[in-house]
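# An overview of the molecular structure
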Amino acid sequence: PEHAHPIHGQLAGRQVPRWFNEGLAIYESGELPMDRMRVLWPVAASGNTIPLAELDRRFPRREYQVNLAYAQSADLVRFLIHHDGRWRLQELLRRIREGADFYAAMRETWNQSPGALERAWKRDMRNRYTVGPSLAGGMTLWVGVGLLALVAYVRRRRDPRAAAPAGAISAPRR
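A brief report on the enclosed structure follows. Here the structure is a predicted model, which means the values were calculated and not measured. Along each chain, residues carry numbers from 1 onward, in the same order as the chain's sequence is written. The predicted nature of this model means local features are confined to residues of pLDDT at least 70 and side-chain atom pairs, given and counted, to a pLDDT of 80 or more, with totals for whole chains, interfaces and linings taken over all residues. Water and hydrogen atoms were dropped before computing side-chain values, which therefore reflect all heavy atoms in the structure.

## What about the overall build of the chain?
For clarity, the threshold we go by: Only DSSP runs of H or I covering at least 4 residues are called helices, and only runs of E covering at least 2 are called strands; the numbering of each starts at the N terminus. Type-normalised accessible area, obtained with a 1.4 Å probe on protein chains alone, sets the label of each residue: buried when under 20%, exposed when over 50%, and partly exposed for intermediate values. For this analysis, residues touch if any pair of their heavy atoms sits within 4.5 Å. For the area figures, the Shrake-Rupley method with a 1.4 Å probe applies, and any residue is considered shielded solely by the protein chains shown.
A tally of regular secondary structure across the chain gives eleven helices and zero strands. For the chain, buried positions account for 35% of its 174 residues. Of all intrachain contacts in the chain linking residues separated by at least 6 positions in sequence, the fraction that spans at least 24 positions is 63%. Total accessible area on the chain is roughly 11,200 Å²; 56% of this is exposed by carbon and sulfur atoms.

## Regarding unusual backbone geometry
At Asn111, a position not held by glycine, the phi torsion is positive, near 55°. As for its placement among the helices and strands, Asn111 is situated in the loop between helix H7 (102-110) and helix H8 (114-128). Judged by relative accessible area, which is 63%, Asn111 ranks as exposed.

## Observations regarding the side chain of Arg95
Residue placement: Arg95 occurs in helix H6 (residues 86-97). If sequence neighbours within four positions are ignored, Arg95 has contacts with Ala100, Ala105, Glu108 and Thr109.

## Comments concerning the packing of aromatic side chains
Quick note on the threshold: Between rings of Phe, Tyr and Trp, where Trp is taken as its six-membered ring, a pair exists when centres lie within 6.5 Å; planes separated by under 30 degrees are stacked, by over 60 edge-to-face, and by other angles tilted.
On inspection of all chains with the given rule, the structure shows six aromatic pairs. Where Phe20 meets Phe102, the ring centres are 5.0 Å apart and the plane angle is 55°; that geometry is what we call tilted. Separated by 82 residues along the polypeptide, Phe20 in helix H2 (residues 18-29) and Phe102 in helix H7 bring together distant segments of the chain. Phe20 gets classed as buried once you look at its relative accessible area, which sits at 1%. Take Phe102: its relative accessible area is 3%, and that puts it in the buried class. Both rings, one in Phe59 and one in Tyr70, keep their centres 5.2 Å apart while their planes meet at 75°; by these two values the pair is edge-to-face. Residue Phe59 is located in the loop between helix H4 (52-57) and helix H5 (63-84), and its partner Tyr70 is located in helix H5; the two are separated by eleven residues in the primary sequence. For the pair shown, Phe59 and Tyr70 are each scored as buried.

## Points about the pattern of salt bridges
If charged atoms from side chains of opposite charge come close, those side chains can pair. Heads up, the condition is: Should a side-chain nitrogen of Lys or Arg be within 4 Å of a carboxyl oxygen of Asp or Glu, the pair is scored as a salt bridge.
On inspection of all chains with the given rule, the structure shows eleven salt bridges. Note that Glu28 and Arg86 form a salt bridge whose closest N and O atoms lie 2.3 Å from each other. Within this pair, whereas Glu28 is found in helix H2, its partner Arg86 is found in helix H6, the two being separated by 58 residues in sequence. Of the charged contacts, one joins Glu91 and Arg94 as a salt bridge, the two residues approaching to 2.3 Å between their closest N and O atoms.

## Here's the deal with a nonpolar patch on the surface
Short version of the rule: Patches here are clusters of residues that have more than 30% relative accessible area and form no salt bridge, with a 9 Å joining cutoff for like charges and a 5 Å cutoff for nonpolar side chains (Val, Leu, Ile, Met, Phe, Trp, Tyr).
On the surface, Leu147, Leu150, Tyr153 and Val154 cluster together to form a nonpolar patch covering roughly 380 Å² of accessible area. Mapped onto the fold, Leu150 is located in helix H10 (residues 138-158). Overall, the relative accessible area of 47% leaves Leu150 in the partly exposed class.

## As for H7
In plain terms, the rule: Relevant arc is that of directions from the helix axis to the C-beta atoms, nothing else. Polar contacts here mean pairs of N or O atoms no more than 3.5 Å apart (in protein, one a potential hydrogen donor and the other a potential acceptor; neighbouring residues in sequence count only if both atoms are side-chain atoms).
Taken together, the buried positions of H7 are Phe102, Tyr103, Ala105, Met106, Thr109 and Trp110. The buried residues of H7 occupy one face: seen down the axis, they fall within an arc of 155°. By the N-cap criterion, in which a side-chain oxygen at the helix start approaches the backbone nitrogen of a residue two or three places on, H7 is capped by Asp101, the distance to Tyr103 being 3.1 Å. Phi turns positive one or two residues past the end of H7, at Asn111, with a value near 55°.

## Comments concerning the environment of Arg95
Residue Arg95 is classed as buried on the basis of its relative accessible area, which comes to 18%. On a C-alpha basis, the gap between Arg95 and Ala105 in space is 5.8 Å, while along the polypeptide they are ten residues apart.

## Considerations on the nonpolar core
Defined as follows: Grouping buried Ala, Val, Leu, Ile, Met, Phe, Trp, Tyr and Cys residues that are joined through side-chain atoms within 4.5 Å yields what is termed a nonpolar core.
Judged by nonpolar contacts, the single largest core of 37 residues is most densely connected at Trp19, Phe20, Leu80, Leu92, Phe102 and Met106. Only H2, helix H3 (34-46), H4, H5, H6, H7 and H8 provide two or more residues apiece to this core. A per-element tally of this core places H5 first, with ten residues. If we skip the residues at most four places from it in the chain, Phe102 touches Gln15, Val16, Pro17, Trp19, Phe20, Leu92 and Ile96.

Quick look at the structure:
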């Protein structure tokens, strides 16, 4: 997503947190999120995310933490856009272009403190990355197909008539 840092041109000279810049670039690039989802899955349940205040100070250096930082950044930007609509993002960018501090502009745009938005994002992430939603997805279909195949196999093994070739004479039932 390095080619997709869309806010550089819009916000030349303005300070925005790296998590926002990277998250927006990933979101706008249309990158497939499966790898990022795998990183977020375990931390969603535990709540062991990297606090945004820490991501503001520095991005981590260790590989897993770097992957988590990028995954969180992309997921938080997705949340902000989907939470109330893309118009809020445009409003945030307008306020920053006009000289507002990023977090002040964020507070004015969403009418919530950055901390409240971070907590709302964590709740949303926990809801999306729990077992329930995954069961409602494609996994359920494949588990169901597998169970049906298993039931058919067991029934066929138990009923000798089911295994007999067409036209064969089977023993009468008692």
